[in-house]
Amino acid sequence: MIDRMSMLQVRNISPETHRVLKSRAALAGQTLSEYVARELDFIASRPTPEEFFRPTPGRLANADAEREAAADIVRRERDSR
């Protein structure tokens, strides 16, 4: 099976950004394309703040269960006094 890669072209970056990325790629022993692809893979592997904080059905169910468990603990503690 052939693993096909997608292409991405980035336009209109500042000369300074290009220079910094090219320098970092050289220091890493990579081409600019290899370096930027690795950086993009890293960015894509992590959720954005919006994705991280977005409620999901599973997280909501767990949060409700945890709140209920905490409430039960507080009730038991109060009742034991």
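Before any of the text, the structure's been laid out above.
Conventions we followed
- Residues numbered from 1 in each chain as written.
- Predicted model: local features only at pLDDT ≥ 70, side-chain atom pairs only at ≥ 80, totals over all residues.
- Heavy atoms only, no water.
- Salt bridge = Lys/Arg side-chain N within 4 Å of Asp/Glu carboxyl O.
- Helix = DSSP H or I, 4+ residues; strand = E, 2+ residues; numbered from the N terminus.
- Buried < 20%, exposed > 50% of the residue type's maximum accessible area, 1.4 Å probe, protein only.
- Phe/Tyr/Trp six-rings, centres within 6.5 Å; stacked < 30°, edge-to-face > 60°.
- 1 Å grid on protein atoms, 1.4 Å probe; cavity = no way out; pocket = protein on both sides within 12 Å on 5 of 7 lines; lining within 4 Å.
- Points joined across faces, edges and corners; volume = space filled by probe spheres on them.
- Axes fitted to C-alpha atoms, helices over the stretch in contact; angles between N-to-C directions.
- Parallel < 35°, antiparallel > 145°, perpendicular 65-115°, else oblique.
- Contact = heavy atoms within 4.5 Å.
- Nonpolar A, V, L, I, M, F, W, Y, C, P; charged D, E, K, R; others polar.

Trainee: Mind laying out the pattern of salt bridges, listing which residues take part and the relevant values?
Mentor: Inspection of every chain in the model, using the stated rule, returns 3 salt bridges. A salt bridge links Asp-72 to Arg-75, with the shortest nitrogen-to-oxygen separation between them at 3.0 Å. Of this pair, Asp-72 and Arg-75 both sit in helix H4 (residues 57-79), separated by 3 residues, roughly a single helical turn. For Asp-72, a relative accessible area of 30% corresponds to the partly exposed category.

Trainee: Residue-level account of the packing of aromatic side chains, with values.
Mentor: In total, this model carries 1 aromatic pair according to the counting rule given. With a centroid separation of 5.0 Å and 90° between ring planes, the pair formed by Phe-52 and Phe-53 is classed as edge-to-face.

Trainee: Before we move on, can you summarise the layout of surface pockets with the specific residues and values?
Mentor: Empty space within the largest pocket amounts to approximately 590 Å³. Around the largest pocket, the lining comprises 15 residues; the ones closest to its centre are Leu-8, Ser-33, Val-36, Ala-37 and Leu-40. Mapped by element, the contributors of at least two residues to the lining of the largest pocket are helix H1 (15-27) and helix H2 (32-45). Of all the elements, H2 adds the most residues to the lining of the largest pocket, at 6 residues.

Trainee: Can you tell me about unusual backbone geometry, naming the residues and giving the values?
Mentor: Despite not being glycine, Asn-12 has its phi angle at roughly 60°, a positive value. The topology assignment puts Asn-12 in the segment before H1. We classify Asn-12 as exposed; its relative accessible area is 81%.

Trainee: So what's going on with the packing of H1 against H2? Which residues, and what values?
Mentor: Orientation of H1 relative to H2, taken along the N-to-C sense of each, is 95°, at an axis distance of 8 Å. Between H1 and H2, the angle falls in the class roughly perpendicular. Note on element contacts: H2 touches H1 through Leu-32, Tyr-35 and Val-36, opposite His-18, Leu-21, Lys-22, Arg-24 and Ala-25. Within the contact of H1 with H2, the residues separate by chemical class into 5 nonpolar, 1 polar and 2 charged.

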